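Observations on chain architecture
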Amino acid sequence: MRILVTGAGGQLGCELVAILREDDVHAFDHRTLDITNEAAVVATVRQIRPEWIINAAAFNDVDGAETAEPAAFMANAQGPANLAGAAAGIDAALIHVSTDYVFDGRKGKPYTEDDRPNPISVYGRSKYEGERRVLESKGRTCVLRTAWLYGKYGRNFVKAIRDAASTGPALRLEDFFML
Ligand SMILES: NC(=O)c1ccc[n+]([C@@H]2O[C@H](COP(=O)([O-])OP(=O)(O)OC[C@H]3O[C@@H](n4cnc5c(N)ncnc54)[C@H](OP(=O)(O)O)[C@@H]3O)[C@@H](O)[C@H]2O)c1
């Protein structure tokens, strides 16, 4: 399969490129394709003509988004909308990765696809807007929501705990909640 991966330099993007290595993968990191640049997105998608597009690009700094709302919405809402439009233009399918931050966390038990989003942070609202714009596009789209990612690449909860445990005194878990 011919697959275009955006955000390929990130934690998830790196894993996807490695896992999909037997397919015809075209990987673009932030430097080689900025998903907020609609003209570049359309041109790249038309040139590659993938069957699938996987969007792993995001403004992923949850705390930082509180003081960078325009940038968060550009990357997390406008970018996915650009990809959805470009995908529809060549009838490619788009998989867009989203987050449990679209919920407010007050349910007290696991969320399902049918629960109503109620984001309470700028990051969560920007990701929810991205979901809506992808699903409202005319193309073949799928939104996957995940919670914390763990992997070999980038920063994550497991690595932070491991590093702190190997260097410091007893850990207080709440110190690590906002990675
Ligand atoms: N990490 C988690 O625990 C977690 C939990 C739930 C959901 N998710 C979701 O999972 C997806 C992948 O997350 P991740 O942990 O792999 O994030 P990540 O490591 O921060 O990777 C995101 C990548 O997107 C790139 N990027 C940012 N803005 C871009 C733009 N305008 N155009 C193109 N690329 C851009 C970043 O490049 P630069 O760094 O160079 O800007 C970075 O390489 C995201 O949708 C995120 O919301 C992540």
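In short, a report on the structure. Given the structure is predicted, the values throughout are model-derived calculations rather than measurements.

Along the chain, Asn55 falls in strand 3 (residues 52-55). We classify Asn55 as buried; its relative accessible area is 1%. Reaching out from Asn55, the side chain makes a polar contact with the side chain of His96 at a distance of 3.1 Å. In contact with Asn55, other than residues within four places in its own chain, are Thr6, Ile35, Pro80, Leu83, Leu94, Ile95, His96 and Val97.

This part is about unusual backbone geometry. Even without being a glycine, Arg49 presents a positive backbone phi close to 50°. Residue classification places Arg49 among the partly exposed residues on the basis of a relative accessible area of 46%. A positive phi is found at Asp91, a non-glycine position, where the angle reads about 60°. Along the chain, the position of Asp91 falls in the loop between helix 3 (69-90) and strand 4 (93-99). Judged by relative accessible area, Asp91 falls into the exposed class, the value being 51%.

Turning our attention to the nonpolar core. One finds Leu4, Val41, Val45, Ile53, Leu83 and Leu94 to be the most contacted residues of the largest nonpolar core, which totals 17 residues. Residue assignment for this core shows that the elements contributing at least two residues are helix 2 (38-48) and helix 3. Of all the elements, helix 3 adds the most residues to this core, at five residues. Excluding its chain neighbours within four sequence positions, the residues that come into contact with Val45 are Leu4, Pro50, Ile53, Ala86, Ala87 and Ile90.

So, on to the sheet that holds strand 1 (residues 2-6). Read across the open sheet, the five strands follow the order 2-1-3-4-5; overall the sheet is parallel. Looking at the sheet topology across the chains shown, the edges are occupied by strand 2 (24-28) and strand 5 (140-146). The mean angle between the axes of side-by-side strands here comes to 20°, regardless of whether they run parallel or antiparallel. Where strand 3 and strand 4 come together, four bridges link them in parallel fashion.

This paragraph deals with the packing of aromatic side chains. For any pair of aromatic rings, geometry is given as the distance between the ring centres together with the angle between the planes. Throughout the structure, instances matching the rule amount to three aromatic pairs. Between Trp148 and Phe157 the ring centres are 4.7 Å apart and the planes differ by 15°, which places this aromatic pair in the stacked class. The exposure class of Trp148 is partly exposed, given its relative accessible area of 37%. On the basis of relative accessible area, Phe157 is assigned to the buried category, the value being 17%.

Cut-off values and rules
Residues numbered from 1 in each chain as written. Predicted model: local features only at pLDDT ≥ 70, side-chain atom pairs only at ≥ 80, totals over all residues. Heavy atoms only, no water. Helix = DSSP H or I, 4+ residues; strand = E, 2+ residues; numbered from the N terminus. Buried < 20%, exposed > 50% of the residue type's maximum accessible area, 1.4 Å probe, protein only. Polar contact = N/O pair within 3.5 Å; in protein donor to acceptor, adjacent residues only side chain to side chain. Contact = heavy atoms within 4.5 Å. Core = buried A, V, L, I, M, F, W, Y, C linked by side-chain atoms within 4.5 Å. Pairing = 2+ DSSP bridges. Axes fitted to C-alpha atoms, helices over the stretch in contact; angles between N-to-C directions. Phe/Tyr/Trp six-rings, centres within 6.5 Å; stacked < 30°, edge-to-face > 60°.

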